[in-house]
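Inside the fold
Residues per chain are reported as follows:
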Amino acid sequence: MDLRSYTRQYARQDNRLAAISYFGTFAVYFAALALAISQADRWYVLLPAGVVFAFAAVRLYVLQHDTGHHSLFETRRQNEWAGHILSPFTFAPFEVMKQNHNLHHANIGNLEHRETGEIHTMTLREWQHAGFWQRLGYRLYRNPLILVPLGAAFTYFIRYRWPKNSGEFGTFGVLLHNLTILALLWVLYSVAGLQGVMIWFLFSLLGGMIGVFLVYLQHNFEDTYWDRRPDLNPAEAALQGSSCLDFGWFFDFAVANITLHDIHHFNARIPSYRLRQCHYNLPDELAPRRIKFPEALRAVTLKLWDEDKKQLVPFPA
């Protein structure tokens, strides 16, 4: 079977499905936040409502990611408008993040352009030649207790206020994006006070942590793919260099199927609401290896790309 022609049949946008996903996620986002704030004195309501809010925030981010590929709605204009509207809720200015993400797709698996990836990976050879401070910095950076919580806080609340390439791809858009976030926070403070803002902040941070963990797992697992040109194989980089996480149907639904990252990288025109169908209808001979949760947890111990073994490996003893 030709995989490219197979995936092409799922690269079809449907405004009805897109609208259900888009506006339905917004409805859950606002309802969960309102419930968490109104029931702040009841932890048994606050915590589950906050977790639902956090996953809804992740889902909005994934839908914005779809609009950046013009794969959510049927027309380019619809996707562009939808992406810009999502920006203040995902903390990601649409135009700059769209362009940066396209660079990531163009250089997936390319050891010579690792700056386009979300999580930096050193090679074993680079580690062996690195000095004490460089090794210490990289150890701290790749420590999950730092990477996930501090990485989420830094990325979504600080770094995205002025993402890389902002000057090239959209200075005005980034400034307008930041002003819109401030305006929304002012509205939230006016309605719910400081407590409401803190609840929004803490569970937004939880959403960011879920997002960082997923981003890590998308390209950091034992038998991922890295190479250098001219040996780099783009199709193999897309499929083998991106993971398929098998955490169950409900988790896939909660994060808009971003867990099926291999098929997405192979054909970014497949909308999130068709990814699962596309993936699980693959014939057995083409079905990729699926990473379950225990293996995903073990993947955080893998830190360096060994160019000789073609594997992601832990730090050497």
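Quick look at the pattern of salt bridges now. Summed over all chains, the structure comprises 11 salt bridges. When the shortest N-O distance is used, the salt bridge between Arg-289 and Asp-223 registers 2.7 Å. Of this pair, Arg-289 sits in the loop between helix 15 (272–280) and helix 16 (293–298) while Asp-223 sits in the loop between helix 11 (171–219) and helix 12 (234–240), and the two are 66 residues apart along the sequence. Of the charged contacts, one joins Asp-246 and Lys-292 as a salt bridge, the two residues approaching to 2.8 Å between their closest N and O atoms. Here the residue Asp-246 occupies a position in the loop between helix 12 and helix 13 (249–254), and Lys-292 occupies one in the loop between helix 15 and helix 16, the gap between them amounting to 46 residues. Three or more residues are tied together by salt bridges with common partners; here these are Arg-125, Arg-228, Glu-307 and Asp-308.

This next bit is on the sheet that holds strand 3 (residues 311–313). Taken in spatial order, the 3 strands line up as 1-2-3 in an open sheet, and their pairing is mixed. Among the strands making up the open sheet, the edge pair consists of strand 1 (122–123) and strand 3. With 2 bridges joining them, strand 1 and strand 2 (residues 304–306) adopt parallel strand pairing. Opposite Thr-123, over in strand 2, you have Trp-305 as the bridge partner.

Another aspect to go through is the packing of aromatic side chains. A complete count under the given rule lists 27 aromatic pairs for this structure. Both rings, one in Trp-43 and one in Tyr-44, keep their centres 6.0 Å apart while their planes meet at 85°; by these two values the pair is edge-to-face. Ring geometry for Trp-249 versus Phe-250: centroids 6.3 Å apart, planes at 50°, classification tilted. Accessibility classification places Trp-249 together with Phe-250 in one group, the exposed group. Three or more aromatic residues joined by ring pairs form one cluster here, namely Tyr-22, Phe-23, Phe-26, Tyr-29, Phe-30, Phe-53, Phe-73 and Phe-89. A cation sits over an aromatic face here: Arg-4 above Phe-266, 4.4 Å from the ring centre. Here the guanidinium or amino end of Arg-139 rests over the ring plane of Phe-315, the centre of that ring lying 4.4 Å away.

Cut-off values and rules
Sequence order as written defines residue numbering, which begins from 1 separately in each chain. Selection of residues for local features in this predicted model requires a pLDDT of at least 70, selection of side-chain atom pairs for listing and counting requires 80 or more, and totals for whole chains, interfaces and linings are taken over all residues. Side-chain calculation: all heavy atoms of the structure are included, whereas hydrogens and water are not. Each salt bridge in this description consists of a side-chain nitrogen of Lys or Arg and a carboxyl oxygen of Asp or Glu lying within 4 Å of one another. Helix and strand labels come from DSSP, where a helix needs a run of H or I of at least four residues and a strand needs a run of E of at least two; each type is numbered from the N terminus. A pair of strands counts as paired when DSSP detects no fewer than two bridges linking them. In this analysis, rings of Phe, Tyr and Trp, with Trp reduced to its six-membered ring, are considered paired at centre separations within 6.5 Å, and the interplanar angle assigns stacked below 30 degrees, edge-to-face beyond 60, and tilted for intermediate values. Relative accessibility under 20% of the residue-type maximum defines a buried residue, over 50% an exposed one, and the middle range a partly exposed one, all with a 1.4 Å probe and only protein chains included. Placement of a charge over a ring requires the Lys NZ or Arg CZ to be within 6 Å of the ring centre, with the centre-to-atom vector within 35 degrees of the ring normal.

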